[in-house]
Amino acid sequence: MKYGVNEQGYYGDFGGAYIPEMLYPNVEELRQQYLNIINGDEFKAEFNQLLKDYVGRPSPLYHAKRYSEKYGANIFFKREDLNHTGSHKINNAIGQILLAKRLGKKRIIAETGAGQHGVATATVCALMGIECVVYMGEIDMARQAPNVSRMKMLGATVVPAVSGSKTLKDATNEALRDWIGNPVDTHYIIGSVVGPYPYPDMVARFQSVISFETKKQLLEHTGNETPQYVMACVGGGSNAMGMFYHFLDDEQVKLVAVEAAGKGVDSGHSAATTFLGKEGVLHGSRTILMQTDDGQVVEPYSISAGLDYPGIGPQHAHLYKINRAQYVSVTDDEALQAGLLCSQLEGIIPAIETAHALAQLEKMKFDKADNVVICISGRGDKDLDTYIKYFGF
Amino acid sequence: MNRLNKLFSTKKDNLLSIYYTAGYPELNTTLDIAEALEKAGVDFLEVGFPYSDPVADGPTIQHSSEKALENGMTLNLLFEQLADLRKRVTIPILLMGYANPMIQYGVERFCKKAAEVGVDGVIVPDLPMYEYETLYAGYFKTYGLSNIFLVTPQTSEDRIRKIDELSNSFIYLLSSSSITGGNLQLSVNIEDYYKRIKAMQLTNPAIIGFGISDNKSFSKACEYAAGAIVGSAFVKLLGTEGYLEKIEGFVKGIRP
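The rules we used
Per-chain numbering applies: the sequence of each chain, read as written, is numbered from 1 onward. In the order they appear in the text, chains get letters beginning with A and ligands get numbers beginning with 1. With pLDDT at 70 or above as the cut-off, local features in this predicted model cover only qualifying residues; side-chain atom pairs require 80 or more to be listed or tallied, and sums for whole chains, interfaces and linings still use all residues. Delimitation of the domains relies on an automatic or database domain assignment. Think of it this way: build a C-beta for each residue from its backbone, and any pair within 7 Å is a contact. Helix and strand assignments come from DSSP, with helices taken as H or I runs of at least 4 residues and strands as E runs of at least 2, each series counted from the N terminus. Following the grouping adopted for this structure description, the nonpolar residues are Ala, Val, Leu, Ile, Met, Phe, Trp, Tyr, Cys and Pro, the charged ones are Asp, Glu, Lys and Arg, and the polar ones are all others, Gly among them. A pair of strands is treated as paired once DSSP finds two or more bridges between them. The axes used here are C-alpha line fits, helices contributing only the stretch in contact, and every angle between their N-to-C directions lies in the interval 0 to 180 degrees. One less than the number of residues in a helix, times 1.5 Å, gives the span that helix is expected to have. With C-beta atoms placed from the backbone, the exposure class of a residue follows from how many other C-beta atoms lie within 10 Å of its own: 20 or more, buried; 12 or fewer, exposed; in between, partly exposed. Picture the helix axis, draw a direction to every C-beta atom, and the arc is the one those directions span.

**Quick look at the domain arrangement of chain A**
Residue and element names in this part refer to chain A. With domains assigned, chain A is organised as domain 1 (20–50 + 89–203) and domain 2 (58–87 + 208–391). Measuring from the centre of the C-alpha atoms in domain 1 to the corresponding centre in domain 2 gives 23 Å. With 29 residues of domain 1 at the contact, the number on the domain 2 side is 27 residues. Where the side of domain 1 that touches domain 2 is concerned, the elements lending two or more residues are helix 4 (89–102), helix 5 (116–128), helix 6 (138–143), helix 7 (145–153), helix 8 (168–181) and helix 9 (199–207). Tallied by class, the residues present in the side of domain 1 that touches domain 2 amount to 12 nonpolar, 13 polar and 4 charged.

Have a look at this one:
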């Protein structure tokens, strides 16, 4: 693949494995084994079977007719919101739990922001009967209480991250610290295309099922597997990478990644990483991150907990830098309005993360014949409180 | 040959190093603490430059980093404070911190500035060997700085040999695979690990760190290595009233 990772774990200038020596054996074990394991026939068979019978794949590609009319193009929704546990996160969790089993690991740790990845991880641990510890920022635990209960009901231990800003980046730090202290028996299921190599590549491969299915489905719908536009929201960037994956090498497909501008890119309350960030190192990879001139990580802001992350995956940083994908941002207000519009035009209440991608449609100029695929990464049940507060239903 | 190399060529055992975070508990006592540590007989110092996301550190050093940043510590300010370093302190000094602040400062500029103020070496736990070798080793060499690598009980023999090759002062031996601030575990496995390292007869001396907090753990470490580093236990002392006056007693308590 033209835009894939090289042998050192880099995408152009980005990637690598910036980890302390204490993590080296864990990460090296993964690096040496992940491709052999996940390319094995027996692994693929079990992975695909679970995606089909347990997750409910393939997820539909839905031709959104009222959206198509409104925006003057053929708009298709890739329905990751219909997956078991309500988002694309489960694709990666299934892949990694099967990998962890083959590595002989007895214990799983994970970080979570909004709780979607935590719930997906707790789910697959229950499925496999493996101990599960999820780190979650103390502040996020309060804002996403229903997901905390879900994880507990699924048998996971939820540990509050009380360091730093007590949100997703600190939950990630705590998970890394746990892994340092438990180098032999524990696998860390990172939830996005971030972290030290091989995580960005491994997670992208597990999520690539999204674009793999899309191509076939688009062919059925339109007679052509190649769309003009592919769009997705980006926090760390796992649904976007899964949505882009099989279109990356096809240069005629325009890729649009939508970041969270929060209260506005220049408001001081934003998570628009490519606009506000600079190159640096975060959570084990060289990427673009929001930081001070002194190299301290800046706490981002977005109404969507899933996009509230100060960095982006290294492959996104690369696609941004070389202009293979277009990175744009929309505000809290624009996203919430788009969430309402999608609910009332298509009968689908999207996650607020997803609503960011939908909001970008307002700013696009399409030709009538354009086929546009947009990833509906998650459902909005978890966000009802936020929607209700905002619209005053 | 920098001060570190000189130290290791003349003194082979019982070396004591102390780590502390610059800017903690007060912004402007970096050199006062260094001076007091030299007076108390410490052989070399590790001055931490704080980072917002210190993944290799336990609660004590996390807290000191957070406080130091709140106090206004930056790399710029630290280098300003260190301008008078060599008027007040003669023992070797290492800077210790994470890769991102150093990369933002500019690694070449960082090395140049460090050498200018009289720093002898750098410890950056999350700067991997590959990136060091391919991107930055040239700057370290140009400015005569030692780069210190960490070794854990899980590090393979091949990798330790490679680290020994890339090192030119000492190797930082972790007492266990853990974050900072734990307790030194004197299990059979750990003794085997120290013995294994000793038997490898590396070119560079080893200094043991992480979990060294008192005379007992210091003495034990010195049985297997050229010396040991105390971090979290000292940072805890800095969090108490009248810390400058307590430094001598603390050091004597570790190494009478």
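**A short note on the sheet that holds strand 5 (residues 107–112) of chain A**
Residues and elements named next belong to chain A. Ordered by their spatial adjacency, 4 strands build an open sheet running 7-6-5-8, and the pairing between neighbours is parallel. Of all strands in the sheet, those with a lone pairing partner are strand 7 (157–161) and strand 8 (186–189), marking the two edges. Averaged over all adjacent pairs, the angle separating strand axes in this sheet is 25°, with direction ignored. Note: strand 6 (residues 131–137) against strand 7, 5 bridges, orientation parallel. Residue pairing for strand 7: Met136 is matched across the bridge by Pro160.

**Describing the interface of chain A and chain B**
Tallying the contact residues gives 27 residues for chain A and 30 residues for chain B. Elements that contribute at least two residues to the side of chain A that touches chain B include exactly helix 8 and strand 11 (278–282) of chain A. Here the side of chain A that touches chain B gets 6 residues from one element, more than from any other, and that element is helix 8 of chain A. Of the residues in the side of chain A that touches chain B, the class split is 12 nonpolar, 10 polar and 5 charged.

**Topic: helix 10 (residues 209–222) of chain A**
Residues and elements named next belong to chain A. Under the 1.5 Å per step criterion, the end-to-end length of helix 10 is 20 Å for 14 residues, consistent within 8% with the ideal 20 Å. Among the residues of helix 10, Val209, Ile210, Ser211, Thr214, Gln217 and Leu218 are the ones counted as buried. Positive phi appears at Gly223, one or two residues downstream of helix 10, with a value of about 80°.

**A closer look at helix 11 (residues 215–224) of chain B**
Residue and element names in this part refer to chain B. Listed as buried for helix 11 are Ser217, Phe218 and Ala221. All buried residues of helix 11 fall inside an arc of 100° around its axis, so they share one side. Away from its buried face, by an angle of more than 90 degrees, helix 11 presents the exposed residues Lys216 and Glu223. Where the residues of helix 11 are buried, they touch strand 8 (206–209), strand 9 (227–230) and helix 13 (243–254).

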